[in-house]
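# Coordinates in review
The lines below spell out each chain.
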Amino acid sequence: GQLGSYFATEVKDEIFEELVLPTSMWDEVQRVWRTFLDSAESREVAGETIYAALFGFAPSLQSLFKTPRAVMAMRFMNGL
């Protein structure tokens, strides 16, 4: 592998390395993301869906966020 690149074979929690994906996998990720966005009524709804799923799996984290849920969802979508 390339020095300094992360190939998803182990979890590294002390550093943040570049994730290198094969072109075919990257194309599939983009296709699935586009399908997800197209299935949502709006970017706001897509963001809310992701936000709900995230905190559905880790509800204890929600108390750490003081910003209204809708605002956080849009911030999340705008960050992507």
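Preceding this section is the structure that the text describes.
Quantities reported herein were computed from a predicted structural model and do not represent experimental measurements.

## Points about the environment of Ser63
Along the chain, Ser63 falls in the loop between α2 (43–57) and α3 (69–79). A polar contact is formed between the side chain of Ser63 and the backbone oxygen of Ser60, at a distance of 3.1 Å.

## Focus on the environment of Tyr51
Tracing the chain through its elements places Tyr51 in helix α2. Look at Tyr51 and you get buried, because its relative accessible area is 6%. Remark: the alpha-carbon pair of Tyr51 and Arg69, spanning 18 residues in sequence, is separated by 7.8 Å. Those residues within four positions of Tyr51 in sequence are excluded, and the remaining contacts are Gln62, Phe65, Arg69, Met72 and Ala73.

Conventions used here
Residues numbered from 1 in each chain as written. Predicted model: local features only at pLDDT ≥ 70, side-chain atom pairs only at ≥ 80, totals over all residues. Heavy atoms only, no water. Helix = DSSP H or I, 4+ residues; strand = E, 2+ residues; numbered from the N terminus. Polar contact = N/O pair within 3.5 Å; in protein donor to acceptor, adjacent residues only side chain to side chain. Buried < 20%, exposed > 50% of the residue type's maximum accessible area, 1.4 Å probe, protein only. Contact = heavy atoms within 4.5 Å.

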